[in-house]
Amino acid sequence: MNLLIGSLSMGFLLSLLTLGVFITFRIMGRLDLTTDGSFGLGAAVAAALLANGVDPLVATVAAAAAGWLAGATTGLMNLVLRIDTLLAGILVTTGLYTIQLRTLGGGNRSLAAVRTLPEAAEEVWHALRLPETVTLGDTGIPASLVSPLLVCAVFVLFSIWVLARFLRTDLGLALRAAGGNPQAARALGLDTGWMTTLGLVLANGLVALAGALFAQYQGFADVSMGAGMIVTALACLVLGEGFLGKATLRRQIVGTLVGTIVFRLLVAAVVRAGLPPNDLKLATALFVLAALGVPAVLTHLRRRMDRTPPGLASLRQRIDRPPADDR
């Protein structure tokens, strides 16, 4: 049961990462490699501020703001210098590695001796005189596991609600139009360059927020913490779309949460079944490759099977033609 609660907590906080990738990959139609750097940057900024006695909530918001700056840097490189967003994301992520090292003061930093957001949530739990254990079925779950889950759920549900409301505003509709059909958006007078920058700012803010929560939940921040996170987010995104589909915007947004939770439960299951944790990145990459590549291959094969060669079509017409009357 403790493994289940831990997987749910990780699923909730990493759904912010998936939500950020959803903005760039689905709404804007771009693959933003700033994601890996922003996740690690959020973790590093939160850890550094917490180590200096800053309030956990303030440190978490500051980490999200650092992600906004990272996204804005990528967007402005595309807007001003005309560098493709894919290359700009690589350049920003490369530069952020050094910034993380300087921020952390080394390769990693422990948060064991500082007050983090999960610990603050546990303090509020005790201040409200709530029970020390919560019983689910026949298992008692300590408050130290339940309170972080509630904090992650509050952050995620609030972020989902704000994003869903924003995407229905005039500015949000302009962002969706710029990503869905840039030529039509420019014909309507929209500045697609600024819309792209706005999307990158929003996405990387969510990614950095996920990194800050992840570091506080794990109890440490590491300079390589963000490596490969974009692949994990794509796997969660594909899973969510498989469960809820892409028919409406609401389903897509909720699907980021559902897909991430299911992915974390699957990770917990395969690790418990004996898969070495060091193989998880490779397994995730293969899953994303299969999820994105197999449908395209099947569609291509189906089209080839439906396409009839001209000579064979003429032969079929002759065979199917009724015999002429000899009288």
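Because the structure is predicted, anything quoted here is derived from the model rather than measured.

S.K.: Would you mind going over the overall build of the protein chain in detail, with residue names and values included?
M.R.: Helix and strand counts for the protein chain come out as 13 helices and four strands. Each principal axis of the C-alpha atoms in the protein chain carries an extent, and together these give about 105 × 55 × 35 Å. Split into buried and exposed, the 327 residues of the protein chain put 45% on the buried side. Considering only residue pairs separated by 6 or more positions, the protein chain has 78% of its internal contacts joining residues 24 or more positions apart. Looking at the protein chain as shown, the accessible area adds up to about 17,100 Å², and 64% of this sits on carbon and sulfur atoms.

S.K.: How would you sum up the packing of helix H10 (residues 229-244) against helix H12 (residues 280-306)? Please name residues and give values.
M.R.: Each pair of packed helices can be summarised by the angle the axes make with each other and by the distance between the axes. Direction vectors running N to C along H10 and H12 enclose 45°, while the axes themselves pass 9 Å from each other. Between H10 and H12, the angle falls in the class oblique. Regarding H10 and H12, the two cross each other, and that crossing is left-handed. In this structure, H10 contributes Met229, Val231, Thr232, Leu234, Ala235, Val238 and Leu239 to the contact, and H12 contributes Lys281, Thr284, Ala285, Phe287, Val288, Ala291 and Leu292. Of the residues contributing to the contact of H10 with H12, the split by class is eleven nonpolar, two polar and one charged.

S.K.: Can you break down the nonpolar core residue by residue, with the values?
M.R.: Side chains that are nonpolar tend, in soluble globular proteins, to be buried together. Of all hydrophobic cores here, the largest spans 71 residues; its most connected members are Phe12, Leu17, Phe22, Phe39 and Ile253. No other element matches helix H1 (residues 2-27), which puts twelve residues into this core. If we ignore the near neighbours within four places in the chain, the residues touching Phe12 are Leu149, Cys152, Ala153, Val156, Leu257 and Ile261. Val45, Ala66, Ala70 and Ala212 belong to the second largest nonpolar core, which has twelve residues in total.

S.K.: Explain the packing of aromatic side chains to me, and be specific about the residues and the numbers.
M.R.: Inspection of every chain in the model, using the stated rule, returns two aromatic pairs. With a centroid separation of 6.3 Å and 35° between ring planes, the pair formed by Phe158 and Trp161 is classed as tilted. Residue Phe158 and its partner Trp161 are both found in helix H6 (residues 143-166); the two are separated by three residues, about one turn of the helix. There is no split in this pair, since Phe158 and Trp161 are both exposed.

S.K.: Give me the environment of Ala47: which residues, what numbers.
M.R.: Within the element layout of this structure, Ala47 appears in helix H2 (residues 34-51). For Ala47, a relative accessible area of 0% puts it in the buried group. When the C-alpha positions of Ala47 and Ala215 are compared, they lie 7.2 Å apart, and in sequence the two are 168 residues distant. Contacts of Ala47, omitting those with residues within four sequence positions, involve Leu104, Arg109, Leu111 and Ala221.

S.K.: Let's hear about the pattern of salt bridges: which residues, and what values?
M.R.: Following the criterion strictly, the structure yields three salt bridges and no others. Residue Glu241 is joined to Arg26 by a salt bridge in which the shortest nitrogen-to-oxygen separation is 2.6 Å. In this pair, Glu241 sits in helix H10 while Arg26 sits in helix H1, placing the two residues 215 residues apart along the sequence. One salt bridge connects Arg115 with Asp55, and the closest N-O pair in it is separated by 3.8 Å. Of this pair, Arg115 sits in the loop between strand S1 (108-110) and helix H5 (117-127) while Asp55 sits in the loop between H2 and helix H3 (56-80); the two residues are 60 residues apart in sequence, bridging distant segments of the chain.

S.K.: Pulling in residues and values, what's your account of helix H9 (residues 192-218)?
M.R.: Look at H9: 39 Å from first C-alpha to last across 27 residues, which is about the 39 Å you get at 1.5 Å a residue. For H9, the tally of buried residues reaches 22 of 27 residues, placing the bulk of the element in the interior. In this structure Asp191 caps H9, since a side-chain oxygen of it lies 3.1 Å from the backbone nitrogen of Gly193. In the stretch just after H9, Gly219 is the one whose phi turns positive, near 90°.

S.K.: I'd love a proper account of the packing of H2 against H3, names of residues and values included.
M.R.: Packing of H2 against H3 leaves a shortest axis separation of 8 Å and a crossing angle of 150°. Between H2 and H3, the angle is such that the two are roughly antiparallel. Relative to H3, H2 is oriented so that their crossing is right-handed. In contact with Thr34, Ser38, Leu41, Gly42, Val45, Ala46, Leu49 and Leu50 of H2, H3 contributes Pro56, Ala59, Ala62, Ala63, Ala66, Gly67, Ala70 and Thr74. Here the contact of H2 with H3 is built from residues that sort into eleven nonpolar, five polar and no charged.

About the thresholds
- Residue positions are given per chain, counted from 1 along the sequence in the order it is written.
- Per-residue local features are limited, in this predicted model, to residues with pLDDT of at least 70; the limit for side-chain atom pairs, both in listing and counting, is 80 or more; totals at the level of whole chains, interfaces and linings are taken over all residues.
- Side-chain numbers here rest on the full set of heavy atoms in the structure, without hydrogens or water.
- Segments assigned H or I by DSSP are reported as helices when at least four residues long, segments assigned E as strands when at least two residues long, and all are numbered from the N terminus.
- To sort residues, take the accessible area from a 1.4 Å probe on protein chains only and compare it with the maximum for the residue type: under 20% means buried, over 50% means exposed, and anything in between is partly exposed.
- When checking whether two residues touch, look at their non-hydrogen atoms; a contact exists if any pair is within 4.5 Å.
- All accessibility values rest on the Shrake-Rupley procedure with a 1.4 Å probe; residue burial counts only the protein chains present in the view.
- Each axis is a line fitted through C-alpha atoms, and for a helix only the stretch in contact is used; angles between axes span 0 to 180 degrees, taken between their N-to-C directions.
- Angles below 35 degrees are treated as roughly parallel, those above 145 as roughly antiparallel, those between 65 and 115 as roughly perpendicular, and all remaining angles as oblique.
- In this scheme the handedness of a crossing depends on how the near helix is turned from the far one: anticlockwise by less than a right angle means left-handed, clockwise means right-handed.
- Side-chain classes are defined by residue name, with Ala, Val, Leu, Ile, Met, Phe, Trp, Tyr, Cys and Pro counting as nonpolar, Asp, Glu, Lys and Arg as charged, and the others, Gly among them, as polar.
- Put simply, buried Ala, Val, Leu, Ile, Met, Phe, Trp, Tyr and Cys residues joined by side-chain atoms within 4.5 Å make one nonpolar core.
- Centres within 6.5 Å are what make two rings of Phe, Tyr or Trp a pair, Trp counting through its six-membered ring; a difference in plane orientation under 30 degrees is then read as stacked, over 60 as edge-to-face, and the rest as tilted.
- One speaks of a salt bridge when a side-chain nitrogen belonging to Lys or Arg is within 4 Å of a carboxyl oxygen belonging to Asp or Glu.
- A helix is expected to reach a length of 1.5 Å times the quantity of its residues less one.
- Polar contacts, as used here, are pairs of N or O atoms within 3.5 Å; protein pairs need one atom able to donate a hydrogen and one able to accept it. Residues neighboring in sequence count only if both atoms are side-chain atoms.

These figures capture arrangement, not role.
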